[in-house]
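Results of the structural survey
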Amino acid sequence: MVPPIYQTSTYKQDGVGGLRGGYEYSRSANPTRTALEECLAALEHGARGLAFASGLAAEDCLLRTVCQPGDHVLIPDDAYGGTFRLFAKVLSGWGLSHTIVPIADIAAVRSALSATPGTKLVWAETPTNPMLSVADIAALADAAHEAGAQLVVDNTFASPYLQQPLALGADFVVHSTTKYLGGHSDVVGGAVVAAAADIAEQLAYTQNATGAVAGPFDAWLTLRGIKTLAVRMDRHCANAMRIAEMLAAHPGVSEVLYPGLPAHPSHKTALGQMRAFGGMVSFRLAAGEAAAVAACGRTRLFTLAESLGGVESLIEHPGRMTHASAAGSPLEVPADLIRLSVGIEDCEDLIEDLRQAI
Ligand SMILES: *Cc1c(COP(=O)(O)O)cnc(C)c1O
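Notes on the structure follow. Here the residue index of a chain counts from 1 through its sequence in written order. For a predicted model such as this one, the threshold for reporting local features is a pLDDT of at least 70, and the threshold for listing and counting side-chain atom pairs is 80 or more; totals across whole chains, interfaces and linings nevertheless cover every residue. The basis for every side-chain value is the complete set of heavy atoms in the structure, and neither hydrogens nor water enter the calculation.

Side note on the overall build of the chain
- Counting its secondary structure elements, the chain contains 12 helices and 12 strands.
- The reference for a compact globule is 2.2 Å times residues^0.38; the radius of gyration itself is calculated from the C-alpha atoms. In terms of overall size, the chain behaves like a compact globule, its C-alpha atoms giving a radius of gyration of 20 Å where 358 residues would be expected to give roughly 21 Å.
- In terms of overall dimensions, the chain has C-alpha extents of about 75 × 50 × 35 Å along its principal axes.
- Throughout, exposure labels follow a simple rule: accessible area from a 1.4 Å probe, protein chains only, divided by the maximum for the residue type, with under 20% read as buried, over 50% as exposed, and the rest as partly exposed. For the chain, with 358 residues in total, the buried portion stands at 54%.
- By definition in these notes, contact holds between two residues if any of their heavy atoms fall within 4.5 Å. Contacts in the chain between residues at least 24 apart in sequence constitute 72% of all its contacts with a sequence separation of at least 6.
- What sets the accessible areas is the Shrake-Rupley method with a 1.4 Å probe; for residues, cover comes only from the shown protein chains. A total of about 14200 Å² of accessible surface is found on the chain, and carbon and sulfur atoms cover 54% of it. The secondary structure listing takes helices from DSSP runs of H or I that are at least 4 residues long and strands from runs of E that are at least 2 residues long, numbered from the N terminus.

Laid out in structure tokens, this is it:
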């Protein structure tokens, strides 16, 4: 029932050139990692999945395979801070240029694509981190393809249980499996799933050539997490919806960002492409930055921590924590913003905890 943890770096060969089951060295392939990679490809309906040491390692492998120095990409104006840093501080030095666009605004994406002919990739995150805006994946895929570009969707926040970007026309999905796929805050990992087999071969080549692979125990933990993805997501979504409703009615809260609320600007788009709205909720405190920082320090069930997607609820202040590296850039987040990763605990307890903290 469970693939073993093949905790080995190498494999005995049946004579020179006679590989057992195709395995020779665990950077190139390891059976536990293969089990995870096949699972990821199946969940996202892709030609092939590849598992990495982290989400950022997966992104880096994808970008340095699909793009060349001199290429140009569109990136979102709201995204995981580390993704922005990879483009702005690392790959820019390698020769990859980018334009920052509000990715949920298809007209803005189309005009950026016509302003920069030859754009290689459109990079989307939906829902975005931490502002939870939702982009229409099918419309983005059309816009990208008409301009000769390909579409990447970071599906970390939704997970393949809530949304399947390749079925909507995206060319690649990336994940931080650290988050909902792993689901228990006990492993760091990443994944790329490609729709097409030929480019997947090139990705596998880069994965082996640069080496940021998932180790066998990490692959095993991630597979174990994935078994309960559906039941965990159902509870994350139900708890998040009730918390968003409570916050929306709270006098101390100036704005709630949750795509499940009918008042959310992209609620309709979310309804059209997602099974439910996820476990992430962001909100702003009317009393401002100091009050938001203080509230983050007062919760007892929500743990003050970075990351997300685990069974335990987390709270954080994006401006000073996860998105501190975006300060002064177009991706800077409001100072009075609080982000919740709503866990699977009893919802009344979570609501009570937030009320006393606010
Ligand atoms: C965490 C995260 C990443 C980066 O993944 P790591 O596993 O931390 O390297 C990328 N995208 C999103 C949306 C994330 O939340």
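Here we look at the site of the ligand
- Every one of the 16 residues lining the ligand counts as a neighbour, but Gly55, Asp154, Ser176, Thr178 and Lys179 are closest to it.
- Here Asp154 contributes a side-chain N or O atom positioned 2.7 Å from a nitrogen atom of the ligand.
- Between Lys179 and the ligand, the recorded distance is 2.7 Å, taken from a side-chain N or O atom to an oxygen atom.
- Taking 380 Å² as the accessible area of the ligand by itself, protein coverage stands at 93%.
- Partitioned by chemical class, the residues of the shell around the ligand number four nonpolar, eight polar and four charged. Near is defined per residue: the residue qualifies when any heavy atom it owns lies within 4 Å of the molecule or strand. Here a polar contact is taken to be a pair of N or O atoms separated by no more than 3.5 Å, where protein atoms must pair a possible hydrogen donor with a possible acceptor and residues adjacent in sequence count only if both atoms sit in side chains. Residue polarity is assigned by list, with Asp, Glu, Lys and Arg as charged and Ala, Val, Leu, Ile, Met, Phe, Trp, Tyr, Cys and Pro as nonpolar; anything else, Gly included, falls into the polar class.

Section: the packing of aromatic side chains
- Put simply, two rings from Phe, Tyr or Trp (the six-membered ring, in Trp's case) pair if the centres are within 6.5 Å, and we call them stacked under 30 degrees between planes, edge-to-face over 60, tilted for the rest. Scanning all chains against the criterion turns up four aromatic pairs.
- Taking 5.4 Å as the distance between ring centres and 80° as the angle between the ring planes, the aromatic pair formed by Phe87 and Trp123 counts as edge-to-face. Of this pair, Phe87 sits in helix H3 (residues 81-94) while Trp123 sits in strand S4 (residues 121-125); the two residues are 36 residues apart in sequence, bridging distant segments of the chain. Considered together, Phe87 and Trp123 belong to a single accessibility category, that of buried residues.
- Judged by centre distance (6.5 Å) and plane angle (75°), the rings of Tyr258 and Phe277 are edge-to-face.

Focus: the pattern of salt bridges
- Here, a salt bridge means any side-chain nitrogen of Lys or Arg that lies within 4 Å of a carboxyl oxygen of Asp or Glu. Overall, the coordinates contain 10 salt bridges when judged by the stated rule.
- The residue Asp71 makes a salt bridge to Lys120 at a minimum N-O spacing of 3.2 Å. With a gap of 49 residues between them, Asp71 in the loop between helix H2 (55-66) and strand S2 (72-76) and Lys120 in the loop between helix H4 (106-115) and S4 connect regions that are remote in the sequence.
- Its relative accessible area of 15% is what places Asp71 among the buried residues.
- Measuring nitrogen to oxygen at the nearest pair gives 2.8 Å for the salt bridge that ties Arg284 to Asp336. Of this pair, Arg284 sits in strand S9 (residues 280-285) while Asp336 sits in the loop between strand S11 (314-316) and strand S12 (337-341), and the two are 52 residues apart along the sequence.
- Its relative accessible area of 14% is what places Asp336 among the buried residues.
- When salt bridges that share partners are traced, they join Glu255, Arg284 and Asp336 into one network.

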